[in-house]
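# Descriptive analysis of the structure
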Amino acid sequence: YVFVGLISSRQGITFCFKSIVHLNGLTKIEPNNHNAIMTTTTNSHDTPTSTPPSSFATTSNAAATENATAVTSSLPWPEDKEGTSGSDYSGTSPPAILRRWSYSYMNGILKKGASIHRHTKRRRTLIEERERQLRQNPAAGDVPADDDFDLDEIDEDDESLEGQQQLTHADLFATPICMRAASLQPKFNSIYNAKKTAEEAQATKKKKKRINPNKTLTSTLWTIASPTFVPAGFCQLITVVAQVSIPLFVWRLLRILEENPAQSVFVAAIPYVISIFIMDILNAYGTHRQKYLALRSGVTLRVSLLSAIYERVLQLTPEGRAGLTTGSIANLFAIDVQKLYEVTAEGHLLWSAPLSMILVAIALVVVVGPSMAVGIVSLIFFAPVVQRITNKMMEIRKQRVKVTDKRVEIVNAMLQGIKVTKLNNYEAKYIERMNEIRREELALLRKELYVWSTVMAVQFISPVLASAGAFAAYVLSGNLLTTSDAFTALLLFNALRFPINYASRLVG
């Protein structure tokens, strides 16, 4: 279990590093690269006017490909390499799959980061020691500069890191080619136009007056995200099977110990111990690979939509911009697209949560008995409660978004008419209006967070109440609660808590 915990921790660390790599890569701005600029202004409330509409309309696939190769780093993304001997991360061979699922290409970055940390820590220790000596003996002289320290006690790998205090862009990997705006924008336009043309032809054939644009957009987004979102579902399936299997193996192991209290059970128990170890490994690998692939799908959708929105907005005519405010556009960038990105991280719970409920319910009834149905019903009862609370939170959020639009409009009007504001001394009035709107916004935000804390409280107390109800019904029905049954039921209820609560939040 300690070994599995270390593997899980390492996976979590590398996953965080991969997220940092993605963010660093997506926020690089190259000269004349309007596609890269799109991913840097999602939280900005200013009107995107850095690129004229004509440049979007005339951008060809060749130019986009050229831009895609321009936004690169000294370290290309390893999974983009194909056919390279000894470093193939994108193949289908077992070694390539193992390297890809274990993120072994992050070892160099992690090693260098650890070396920088040791080097900095050692240098800081030397400085503190020297300052302490000076305080005790002021006649010893001034504190020497960093370059004057003797680094003989530092590792040889650290000596090349003199002066480097942290990892830089040059140390990190570049953004994967398939996640860059420069390559996603022409791909999105090509797929969308092809599907729109096909649907228009089908509508003409069926004599329909108009087509459904939402269907075209949804189909396009699915085509773009499916290469990574579908494998993420496979990893989620592995995780579900592993999470349900571990309590069953623990149950069999405890039953063997109970049935043979004074005998050696090594031969009979070792297969279940190995099975638990393997399931833990699969659970760790499947969970983190699913998160990576799902978030990668989210980044792909987010960048594609940001590119499409920017292109569309900058090509609108004055009639098309009628009724379209800067605040609503900023909310599209900062909130709506971001929510779609967040949904992909938990989207597979829509099918994996019911599957987990069914498997856990069957396991509880088979292993412990029908009285465990009380706990299952209790957990299922919490699902609509969480959904109702989440719906309430979404209503508050919609109200807050409207107030945010007003605040953005006030700030934008003040900045656009800054000369008039200064000449007529309107600063105090603008500040008063903004403070009033901001107080209203903060009140709604505080209310939203109160509701969110209720959701989190229900999420944590639901397995406790469900387990208490199930055990009470089991004992009151005349059964003897053994160690194996108790631990197995607790593990199964704990495995069921996450999908029920998160699925209800996702639906809400």
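Reading guide: rules and limits
Residues numbered from 1 in each chain as written. Predicted model: local features only at pLDDT ≥ 70, side-chain atom pairs only at ≥ 80, totals over all residues. Heavy atoms only, no water. Helix = DSSP H or I, 4+ residues; strand = E, 2+ residues; numbered from the N terminus. Buried < 20%, exposed > 50% of the residue type's maximum accessible area, 1.4 Å probe, protein only. Contact = heavy atoms within 4.5 Å. Areas by Shrake-Rupley, 256 points an atom, 1.4 Å probe, with all protein chains shown as cover. Patch = residues over 30% accessible without salt bridge, like charges linked within 9 Å, V, L, I, M, F, W, Y side chains within 5 Å. Salt bridge = Lys/Arg side-chain N within 4 Å of Asp/Glu carboxyl O. Lys, Arg positive; Asp, Glu negative; His and termini not counted. Charge placed at Lys NZ, Arg CZ, Asp CG, Glu CD. Axes fitted to C-alpha atoms, helices over the stretch in contact; angles between N-to-C directions. Parallel < 35°, antiparallel > 145°, perpendicular 65-115°, else oblique. Left-handed = near helix turned anticlockwise from the far one by under 90°. Nonpolar A, V, L, I, M, F, W, Y, C, P; charged D, E, K, R; others polar. Expected span 1.5 Å × (residues − 1). Arc of directions from axis to C-beta. pLDDT = per-residue confidence, 0-100. Phe/Tyr/Trp six-rings, centres within 6.5 Å; stacked < 30°, edge-to-face > 60°.

Here we take up the overall build of the protein chain. Counting secondary structure elements, the protein chain contains 16 helices and zero strands. Across the 508 residues that make up the protein chain, the buried fraction comes to 42%. Look at the contacts in the protein chain between residues 6 or more apart in sequence, and 81% of them connect residues 24 or more apart. When the accessible surface of the protein chain is summed, it comes to about 27900 Å², and 61% of that surface belongs to carbon and sulfur atoms.

On the surface, Phe 234, Leu 237, Val 241 and Trp 351 cluster together into a nonpolar patch covering about 350 Å² of accessible area. Per-element accounting of the nonpolar patch gives the leading share, three residues, to helix α9 (residues 213–259). Structurally, Val 241 can be placed in helix α9.

The next subject is a positive patch on the surface. Together, Lys 205, Lys 206, Lys 208 and Lys 215 make up a positively charged patch on the protein surface. Take Lys 208: it is sitting in the loop between α8 (181–205) and α9.

Take the side chain of Thr 300 next. With respect to the element layout, Thr 300 can be found in helix α10 (residues 266–314). The exposure class of Thr 300 is buried, given its relative accessible area of 5%. Setting aside chain neighbours within four positions, we find Thr 300 in contact with Cys 178, Met 179, Leu 184 and Ile 224.

Time to look at the packing of α9 against helix α12 (residues 349–367). One can describe the packing of α9 onto α12 by two numbers: an axis separation of 10 Å at closest approach and a directional angle of 15°. When the axes of α9 and α12 are compared, the pair comes out roughly parallel. For the pair α9 and α12, the sense of crossing is right-handed. Contacts between α9 and α12 pair Gly 233, Gln 236, Leu 237, Val 240, Val 244, Leu 248 and Trp 251 from the former with Leu 349, Trp 351, Ser 352, Leu 355, Ser 356, Leu 359, Val 360, Ala 363 and Val 367 from the latter. Partitioned by chemical class, the residues of the contact of α9 with α12 number 12 nonpolar, four polar and no charged.

Our next topic: the pattern of salt bridges. Taken as a whole, this structure holds 11 salt bridges when the rule is applied. A salt bridge links Glu 448 to Arg 400, with the nearest nitrogen and oxygen atoms 2.9 Å apart. Within this pair, whereas Glu 448 is found in helix α15 (residues 427–476), its partner Arg 400 is found in helix α13 (residues 373–416), the two being separated by 48 residues in sequence. A relative accessible area of 5% places Glu 448 in the buried class. As a salt-bridge pair, Glu 441 and Arg 438 come within 2.9 Å of each other at their nearest N and O atoms. Here the residue Glu 441 and the residue Arg 438 both occupy positions in helix α15, the gap between them amounting to three residues, near one helical turn. Residue Glu 441 is classed as buried on the basis of its relative accessible area of 5%. Using a relative accessible area of 35% as the deciding quantity, one classes Arg 438 as partly exposed. Bridged by salt links that share partners, the residues Glu 79, Arg 289 and Arg 296 form one connected network.

Turning our attention to α12. The first and last C-alpha atoms of α12 sit 25 Å apart over 19 residues, in line with the 27 Å expected at 1.5 Å per residue. Of the positions making up α12, those classed as buried are Leu 349, Ser 352, Ala 353, Ser 356, Val 360, Ala 361, Ala 363, Leu 364 and Val 367. For α12, the angular spread of the buried residues around the axis is 165°, confining them to a single face. Opposite the buried face of α12, at more than 90 degrees from it, the exposed residues are Leu 350 and Val 366. Following α12 by one or two positions, Gly 369 has its phi on the positive side, about 140°.

The next point concerns the packing of α13 against α15. Two elements in contact, α13 and α15, have axes whose closest approach is 9 Å; the angle formed by their N-to-C orientations is 170°. Classed by the angle they form, the pair α13 and α15 counts as roughly antiparallel. Considered class by class, the residues forming the contact of α13 with α15 number 26 nonpolar, eight polar and 10 charged.

Right, let's talk about the environment of Asp 280 for a bit. Among the structural elements, Asp 280 can be located in helix α10. With a relative accessible area of 13%, Asp 280 lands in the buried category. In this structure the C-alpha to C-alpha distance between Asp 280 and Thr 239, which are 41 residues apart in sequence, comes to 9.3 Å.

Averaged over every residue, the pLDDT of the protein chain is 76; the share at 70 or more is 77%. Note that pLDDT drops below 50 for residues 145–158; the model gives that stretch 22 contacts with residues more than four away or on any other chain.

Turning our eyes to something else, we now look at the packing of aromatic side chains. Using the criterion set out here, one finds eight aromatic pairs in the structure. Measuring from centroid to centroid gives 5.6 Å for Trp 77 and Tyr 105, while their planes differ by 65°, and the two rings are edge-to-face. A residue pair is termed long-range when its members are at least 10 positions apart, and Trp 77 in the loop between α4 (61–70) and α5 (94–102) and Tyr 105 in the loop between α5 and α6 (107–136) qualify at 28 residues. This pair shows no difference in class: Trp 77 is buried, exactly as Tyr 105 is. Considering the side-chain rings of Tyr 105 and Phe 173, the 5.9 Å spacing of their centres and the 85° angle between planes classify their relative orientation as edge-to-face. Within this pair, whereas Tyr 105 is found in the loop between α5 and α6, its partner Phe 173 is found in the loop between α7 (156–159) and α8, the two being separated by 68 residues in sequence.

Here Arg 180 lies in the loop between α7 and α8. On the accessibility criterion, Arg 180 (9% relative accessible area) is buried. C-alpha of Arg 180 to C-alpha of Val 299: the two residues are 119 residues apart in sequence and 9.3 Å apart in space.

On to the side chain of Ser 467. Summarising the element assignment, Ser 467 is placed in helix α15. If sequence neighbours within four positions are ignored, Ser 467 has contacts with Leu 490 and Phe 493.

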